[in-house]
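# Architecture at a glance
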Amino acid sequence: MLKLLIIAAIFWFNPLVSNIDILPDIIGYLLVIKAFSRASYIYGFVDDVYTSAKKMCIITGAKIFSMLLVSSFDPTLSLLMSFCFGLLEVIFGIPFLIKLFNAYSHLASLDNTSVGVSDSRIKTFTIVAFASRLVLAMLPDLTALSLNNALSINADYTYLRFRPLFIGFSVIVALVINIIWLVKYISYLRNAITKDTENKCSFEYSEKTSTKKSVFVAKDNMRAVIFTMLGSVFIFDFTWEHTYVDIFQDFMFPVITALALGYLFFKGIYKLNKMSFLLLGVTVVNIALNIFEIVSNTGYFEKYNLASMLKVSEAESLYFLVCVSAVLSALSLVATCAVIAMVMKSNARTSILEHKDLFSQSDIDYYLKEFDRRTKKNALIVVALSSVYAVENSLMVILKPYAEWMVLVNMVIEIALIISIISFALYIYDEVYKRILTFS
């Protein structure tokens, strides 16, 4: 645990330049998740850190992705990205740090280690260093504000020419602050997380593993459901400008769901069955059709625009492939949503039967009947909305040269579909896995 937390700190101390991070912060948060993976099962205060670290992984992962959208020739976009991600990291990062130090204090008390006043001081210093690192990263990008001046046509007559100087200044200041922080933080960690603390965590984990396996089953399944819900976000179309290639590819939804099931399989909770191979099959088909769609869109929009389809015969032939790929991809998404719903229902039903003693306060047969009824209803809503989406998305692509307003309708249906999937997953999350965890 201690080694992983120290390595995580090394990934957090380096200065940032706008959104550019030489040692990606996401690796540090992943290491925290790994360090606390066992302790999160037995201590609620550690589970809070675990959950908060996952949120930071999402934010810092998206931050890395945002680098693809930023050009060195577009300083205003750099400012927008550094400001937005800096704000998100402050909003979610400071609560993460507070929970992290709260966990350190509790863990230190396991072997009667007293961190006392130093705990408060290093926590405050960490928050200050964390915030100043983000502010200093954004500082050079503020020079882009001088471009708002209508007379500032040339960068030589704006504050933008001082950007390299500000970068050098911010990097040096951030480096000094964070080197001091790193030394103090590692010293604090060595006092808070002792060998006795780690041994006690391991002992309690082993004891709980042998006596309350249902806790682990519930928590692991809850994590898998959360990953599936996050995967559903990739259904939303986020089109790359001028190419009409969707950055959020639909195939990521079944891929993430399959990885979540793989995680459960690795944990020994999930057993492979026909539904597993069916999910694998629709995932492969989805990937293939999405690649076909990317190739078709790229092939058309590299040569033509939407208006060309109405004027050039070759463009019309190429656009026909775009329409075919869109229709096939939309249909595969309907099949994917249906299969994922069936897999989630099947796995949840198995969990109910395996832990029926935790549902003893109610008639298990009646509970299963009610569970089947509700999941069937929610699954039908998901399939129905995915079918509506498939029809509308296909029509949108076919009629886009004539009616681009259909893009807005498509967005509304996509959001409704994502909400229905999340609603379906949340029902299973609350009524099955959270219930098993509560009564374990």
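Residues numbered from 1 in each chain as written. Predicted model: local features only at pLDDT ≥ 70, side-chain atom pairs only at ≥ 80, totals over all residues. Heavy atoms only, no water.

## Here we look at the side chain of T283
As for its position among the elements, T283 is in helix α11 (residues 274-301). Take T283: its relative accessible area is 6%, and that puts it in the buried class. T283 has contacts with P254 and V255, leaving out every residue within four places of it along the chain. (Helix = DSSP H or I, 4+ residues; strand = E, 2+ residues; numbered from the N terminus. Buried < 20%, exposed > 50% of the residue type's maximum accessible area, 1.4 Å probe, protein only. Contact = heavy atoms within 4.5 Å.)

## Looking at the pattern of salt bridges
Between side chains of opposite charge, a pair can form when the charged atoms approach closely. Considering all chains together, one arrives at seven salt bridges under this definition. One salt bridge connects D25 with R133, and the closest N-O pair in it is separated by 2.9 Å. In this pair, D25 sits in helix α2 (residues 25-35) while R133 sits in helix α6 (residues 116-138), placing the two residues 108 residues apart along the sequence. One exposure class covers both D25 and R133, and it is buried. For D47, the salt bridge is made with K219, and the minimal N-O distance between the two is 3.9 Å. Placement of the pair is D47 in helix α4 (residues 44-66) and K219 in helix α9 (residues 213-232), with a sequence separation of 172 residues. Judged by relative accessible area, which is 21%, D47 ranks as partly exposed. Its relative accessible area of 11% is what places K219 among the buried residues. Among the ionic contacts, a cluster of salt bridges with common partners joins D47, K219, D220 and R223. (Salt bridge = Lys/Arg side-chain N within 4 Å of Asp/Glu carboxyl O.)

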